[in-house]
Amino acid sequence: MKNWNSVEEKWREQLLNKSEDIPEGMWSRIEERLEEKPTRRFPIYWAAAAMLLLALGLSWNWNATPEETTQVAKTEKMVAPLEKVETTDSKPLNVLNKATFQKASLQPTLDVATPVASVIEEAPKEETIASVPVIEKQEESQEILTVRLDINPVVEEEIKPAFTQQKRRKSLFGKIVGEIRQALDGEPVNWQKLKEGNAAFENSIHTVANTYVKTEENVKRTLQIQ
Amino acid sequence: MNKRLPSFPSETELIAACRNNNRQAQQALFQKMAGKMLSVVKRYITNTSEAEDTLMEGFVKVFSKLDQYQGGGSFEGWIRKIMVNEALMSIRKNKDRYPMDIDVAFDLAHPDETLMQLGIQEIEQLIAALPSGYRTIFNLYAIEGYSHAEIALLLDISEGTSKSQLSRARALLQNQLITLQL
């Protein structure tokens, strides 16, 4: 007596190698399907918008770099008066040992006329905030010195505008993106409003416009000469 | 179809050319496999035009997914799997769902001896006469060699359902021997 597995095995052998006649024209139909261009994943204007955003992003980064370097230069200027205080003082500041290492306080005042102030000798017991290095010597003197420097915090004020400008740049970038989106939606864009309060953007527009006018004039002159 | 196609010395070269969208290579592959694959599809879908449409969709898929073939198993087996999947999708699309219970009173452990003597056309006729759901499970298990676990995954049914449907399909095949007077 046979079981189902042997029946099915025999059927499988017969069926697996069976081949049918293919109707004519089937390959042409498949070829047509293969020739069909795949549907775009996203419309062309999205690609254009992406390119524009990329270009804007790159130019924004490019502009931001020189600003950072000027900021570093300004910071260096801030350090210079401190060094001057140490070198101009004819008497070096003496400290007995590490235990009596003195701390100096930087107390910014609003006195603009005296950006760097004098060295004052005092003997406070617990002063805080160390920022000025004091020269240590072997000399055995119990004298305790405190260096008090009055510095006009000009630098802090200078940093602030740089920061806000950068922030403004970012917001401008956001605005530009917003306007581009509007333009893509078919709404009118107010470029005038966009350039307000942003000199770099305005200057760029003027440069482009001037170049265009000059080129036009040159072309006219050349044509007249000929 | 009668246009003479370049011959490819090996299957690997034929596949590589197909991957490069070489139309002649694709046509050569189609000519080589289409007959067998139409036979596979027709075992699942009895309607000829539906089966041909399914075959066409299957080949479009073969050419578009050719990069996924790693070369591990038989290439024909890979194409066959695509065709079977395409046929199952077509069955689902047409909502030709799985069968209702049919009372069967045959000794399933001992199939009729006549079943062993059947020719290929009679076998096809018997299988084609099964209700779509039984036919699908019988084809997947008995002819393609899928396990009940694989069938359960493919058809989103339980393994138990797959087993019981196979038993009923076998019983029906015996029953049809008499009905179809084979």
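A quick note: this is a predicted structure, and the numbers were derived from the prediction, not measured. The numbering scheme is per chain: residues are counted from 1 as the chain's sequence reads. The lettering of chains begins at A and the numbering of ligands begins at 1, in the order of writing. Local features are withheld for residues below a pLDDT of 70 in this predicted model, meaning they are given only at 70 or higher, and side-chain atom pairs are given and counted only at 80 or more; totals for whole chains, interfaces and linings count all residues.

1. Digging into the overall build of chain A
Item 1. Put simply, DSSP marks the helices as runs of H or I at least four residues long and the strands as runs of E at least two long, and each gets a number from the N terminus on. Along the backbone of chain A there are 6 helices and 2 strands.
Item 2. For chain A, the succession of helices and strands along the chain, N to C, is α-α-α-β-β-α-α-α.
Item 3. Think of it this way: build a C-beta for each residue from its backbone, and any pair within 7 Å is a contact. Pairs at least 24 apart in sequence give 81% of the contacts found in chain A among residues at least 6 apart.

2. Quick notes on the overall build of chain B
Item 1. Helix and strand content of chain B: 9 helices and 0 strands.
Item 2. Traced from its N-terminal end to its C-terminal end, chain B shows the element sequence α-α-α-α-α-α-α-α-α.
Item 3. Sequence-distant contacts, at least 24 apart, represent 66% of the contacts inside chain B between residues at least 6 apart.

3. Some words on the environment of Met37(B)
Residue and element names in this part refer to chain B.
Item 1. Residue placement: Met-37 occurs in helix H2 (residues 23-44).
Item 2. Each residue is classified by how many other C-beta atoms fall within 10 Å of its C-beta atom, where C-beta atoms are placed from the backbone; a count of 20 or more means buried, 12 or fewer means exposed, and values in between mean partly exposed. When the 27 C-beta atoms within 10 Å are taken as the criterion, Met-37 is described as buried.
Item 3. Through-space distance from the C-alpha of Met-37 to that of Phe-59 is 9.4 Å; in sequence the pair is 22 residues apart.
Item 4. Once residues lying within four places of it in the same chain are set aside, the contact partners of Met-37 are Leu-55, Gly-58, Ile-79, Arg-80 and Met-83.

4. A word on unusual backbone geometry
Of all residues except glycine, most have a negative phi; of all peptide bonds, most are trans.
Residue and element names in this part refer to chain B.
Item 1. Positive phi outside glycine occurs at Asn-21, with the angle close to 60°.
Item 2. Mapped onto the fold, Asn-21 is located in the loop between helix H1 (11-19) and H2.
Item 3. Even without being glycine, Asp-156 reaches a positive phi, approximately 60°.
Item 4. Its location among the elements puts Asp-156 in the loop between helix H8 (148-155) and helix H9 (159-179).

5. Remarks on the interface of chain A and chain B
Item 1. The partner chain B presents 26 residues to the 25 residues of chain A that form the contact.
Item 2. Contributing elements (two or more residues each) for the side of chain A that touches chain B: helix H1 (4-16) and helix H2 (26-35) of chain A.
Item 3. At 8 residues, H1(A) tops the list of elements feeding residues into the side of chain A that touches chain B.
Item 4. When grouped by side-chain class, the residues that make up the side of chain A that touches chain B number 11 nonpolar, 3 polar and 11 charged. Residues are grouped as follows: Ala, Val, Leu, Ile, Met, Phe, Trp, Tyr, Cys and Pro are nonpolar; Asp, Glu, Lys and Arg are charged; every other residue, Gly included, is polar.

6. Here we look at the confidence of the model for chain A
Residues and elements named next belong to chain A.
Item 1. pLDDT runs from 0 to 100 and stands for how confident the predictor is about each residue. On average, residues of chain A score 63 in pLDDT, and 35% of them are at 70 or above.
Item 2. Across chain A, the element-wise mean pLDDT spans from 46 in strand S1 (residues 105-106) up to 89 in H2.
Item 3. Note on residues 79-137: pLDDT is under 50 here. Beyond four places in sequence and across chains, it has 78 contacts.

7. With respect to the packing of helix H7 (residues 132-143) of chain B against H9(B)
Relative placement of two packed helices is described by the angle separating their axes and the distance separating the axes.
Residue and element names in this part refer to chain B.
Item 1. At a minimum axis separation of 9 Å, H7 and H9 run at an interaxial angle of 100°. Taken together, the axes of H7 and H9 are roughly perpendicular relative to one another. Facing Gly-133, Tyr-134, Ile-137, Phe-138 and Tyr-141 of H7, the residues of H9 in contact are Ser-162, Gln-165, Leu-166, Arg-168, Ala-169 and Leu-172. Simply put, an axis is a line fit to the C-alpha atoms, just over the touching stretch for a helix, and the angle between two N-to-C directions goes from 0 to 180 degrees. Just so you know how the angles are binned, under 35 degrees is roughly parallel, over 145 roughly antiparallel, 65 to 115 roughly perpendicular, and the rest oblique.

8. Remarks on the confidence of the model for chain B
Interpreting fine coordinate detail is not advised for predicted regions of low pLDDT.
Item 1. Chain-level statistics for chain B give a pLDDT mean of 85 and a share of 87% at 70 or above.
Item 2. Reported confidence for the predicted complex is 0.83 by ipTM and 0.52 by pTM.

9. Topic: the nonpolar core
Item 1. By size, the foremost hydrophobic cluster in this structure holds 24 residues, and its most contacted members are Met37(B), Val41(B), Leu55(B), Met83(B) and Ala87(B).
Item 2. Residues in contact with Leu55(B), not counting those within four places in the same chain, are Ala34(B), Met37(B), Leu38(B) and Val41(B).
Item 3. Any nonpolar core is a set of buried residues, restricted to Ala, Val, Leu, Ile, Met, Phe, Trp, Tyr and Cys, that join up through C-beta atoms within 7 Å. In terms of nonpolar packing, the next biggest core, distinct from the first, is built from 22 residues, Val7(A), Leu115(B), Phe138(B) and Ala142(B) among them.

10. Digging into the packing of H8(B) against H9(B)
Residue and element names in this part refer to chain B.
Item 1. Close contact between H8 and H9 brings their axes to 8 Å; oriented N to C, the two are set at 105°. Regarding the angle of H8 to H9, the classification is roughly perpendicular. Contacts between H8 and H9 involve His-148, Ala-149, Ile-151 and Ala-152 from the first element and Glu-159, Ser-162 and Lys-163 from the second.

11. What to know about helix H3 (residues 48-64) of chain B
Item 1. Multiplying 1.5 Å by the residue count of a helix minus one yields the expected span of that helix. The end-to-end C-alpha separation of H3(B) is 24 Å, in line with the 24 Å expected for 17 residues at 1.5 Å each.
Item 2. Residues Ala51(B), Glu52(B), Thr54(B), Leu55(B), Met56(B), Gly58(B), Phe59(B) and Val62(B) constitute the buried set of H3(B).

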